[in-house]
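Structure at a glance
Chain by chain, the residues:
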Amino acid sequence: MILVTGGAGFIGANFVLDWVAQQGEPVVNLDKLTYAGNIENLASVQADSRHIFVQGDIGDNALVTRLLAEHQPRAVINFAAESHVDRSIHSPEAFIQTNVVGTFQLLEAVRAYWGSLTGDAKAGFRFLHVSTDEVYGSLAASDPAFTESHPYEPNSPYSASKAASDHLVRAYHHTYGLPVLTTNCSNNYGPYHFPEKLIPLMVVNALAGKPLPIYGDGQQVRDWLYVKDHCSAIRRVLEAGRLGETYNVGGWNEMPNLDIVHTVCGLLDSLRPRADGQSYTSQITYVTDRPGHDRRYAIDAGKIERELGWKPAETFATGIRKTIEWYLANPEWVARVQSGAYRDWVQTNYAARAA
Ligand code: NAD
Ligand code: DAU
């Protein structure tokens, strides 16, 4: 049994679906179901006894303590977070509450639980914290990619809150000996990605005939990784990572935003051409830049490859095609996210199941 937090979000849901399909080991999924949590992502495991969903907050120490005592997981994987940089600029408080205070409360509950274990259960227990490359700050064009020893220089309320949580996780290992692992990953893309983030926003806006908003000059560089590859990296670190270590995870795939948007438009032009025969690129619109916008992220994923033998399975070409095909095949998911209906469904169907 493992306990996953934030497993109704984009990466967490992909992780839970892959975990149940590939490992078969039961998973308790604790998720607050914020706007970013979509229980419909987990429809295929809703009736599967290996998936136990609990609506709740990682900051609720009593709830987490009860779940740990009841299910006795061998590992906790913390995906739960406020994750969108633009939201953190407009409303930072939720980021401090969940990413900092929530992670602290979760660590406290896990520390007490781990302290109560004995023998093999204690020795084998792991707390894996899922973090981001954004904690390292921004790179100039000629800088080498981020290694695990790069200084922390977070620039947004989001990345500062994730940096704080990483430091707490590190401190719980150093001070209390909690068996922790941290992963710092680059930008993910793939199925179930909420259409507030660059790639899914471009897909859904393109298909709806809406503008494709490019912040600033569109030359900011991100390092893109297919979400299933991030999930396989987390499984590998959980299995074989050295305690107290951090592992950078990335796709060796740096691209400027404008190139990403052109790639998305090109695929849509061939898979779902516009009725008027024009390219979707005609919908590209330049808008005011994000305040404090980091110019470039790049991950050196050499350590996880050398130590744990992990490499991404997808190239950007294969992963982005799968992603676009998934969005084209799932218009109901997109429509229900856009209309907000996915949240109504949660209220009517899950209110009774709330912890
Ligand atoms: P997401 O926003 O899609 O999902 C976050 C999930 O956490 C949602 O289901 C939400 O309901 C849940 N949640 C939020 N606050 C909670 C709380 N207090 N208690 C319990 N659940 C709560 O995020 P994502 O993109 O899936 O990211 C998952 C993790 O991976 C985050 O920690 C993020 O920082 C990290 N990460 C994301 C990326 C990326 O490209 N998306 C890259 C690297 C790291
Ligand atoms: O690097 C990992 C991080 O990647 C994760 O930690 C975050 O949780 C995740 O949200 C993501 O952060 P970004 O800010 O890089 O992702 P986003 O999709 O918001 O933006 C990607 C780039 O595209 C960024 O340079 C801003 C730009 N952008 C974004 C949007 C939504 C646009 O130009 N237009 C847009 O409409």
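Everything discussed here concerns the structure shown above.
Scoring rules and cut-offs
- Residues numbered from 1 in each chain as written.
- Chains lettered and ligands numbered in written order.
- Predicted model: local features only at pLDDT ≥ 70, side-chain atom pairs only at ≥ 80, totals over all residues.
- Heavy atoms only, no water.
- Near = heavy atom within 4 Å.
- Polar contact = N/O pair within 3.5 Å; in protein donor to acceptor, adjacent residues only side chain to side chain.
- Areas by Shrake-Rupley, 256 points an atom, 1.4 Å probe, with all protein chains shown as cover.
- Helix = DSSP H or I, 4+ residues; strand = E, 2+ residues; numbered from the N terminus.
- Nonpolar A, V, L, I, M, F, W, Y, C, P; charged D, E, K, R; others polar.
- Pairing = 2+ DSSP bridges.
- Axes fitted to C-alpha atoms, helices over the stretch in contact; angles between N-to-C directions.

Take the site of ligand 1 next. Around ligand 1, a shell composed of 28 residues is seen, among which Ile11, Asp31, Ser83, Tyr158 and Lys162 lie nearest. The contact in question runs from an oxygen atom of ligand 1 to an N or O atom on the side chain of Tyr158, over 2.6 Å. Between ligand 1 and Lys162 there is a distance of 2.6 Å, counted from an oxygen atom to a side-chain nitrogen or oxygen. Relative to its unbound accessible area of 830 Å², ligand 1 is 96% covered by the protein chains. For the shell around ligand 1, the secondary structure elements donating two or more residues are helix H1 (10-22), strand E5 (126-132), helix H6 (157-176) and strand E7 (187-189). For the shell around ligand 1, the element with the most residues is E5, which contributes 3 residues.

Look at Gln72: it is not a glycine, yet its phi comes out positive at around 50°. Turning to its location among the elements, Gln72 is positioned in the loop between helix H2 (61-71) and strand E4 (75-78). A positive phi is found at Trp252, a non-glycine position, where the angle reads about 50°. Relative to the elements of secondary structure, Trp252 occurs in the loop between strand E10 (246-249) and strand E11 (254-256).

Bringing the site of ligand 2 into the picture now. Around ligand 2, the structure places 23 residues, and the nearest of them are Thr132, Asp133, Tyr158, Arg290 and His293. Between an oxygen atom of ligand 2 and a side-chain N or O atom of Asp133, the distance comes to 2.5 Å. A total of 680 Å² of accessible area belongs to ligand 2 in isolation, and the protein chains cover 94% of it. At the level of secondary structure, the elements contributing two or more residues to the shell around ligand 2 comprise helix H7 (198-207) and strand E8 (212-215). Looking at the shell around ligand 2, the element that brings in the most residues is E8, giving 3 residues. Of the residues that constitute the shell around ligand 2, the class distribution is 9 nonpolar, 8 polar and 6 charged.

Attention shifts here to the sheet that holds E7. Pairing is mixed across the open sheet formed by 3 strands, whose spatial order is E7-E9-E11. Of all strands in the sheet, those bounded by a partner on one side alone are E7 and E11. Adjacent strand axes in the sheet meet at a mean angle of 50° when their direction is disregarded. With 3 bridges connecting them, strand E9 (residues 221-226) and E11 associate as antiparallel partners. If you follow Arg222 over to E11, its bridge partner there is Met255.

Just distances and angles here, no functional claims.
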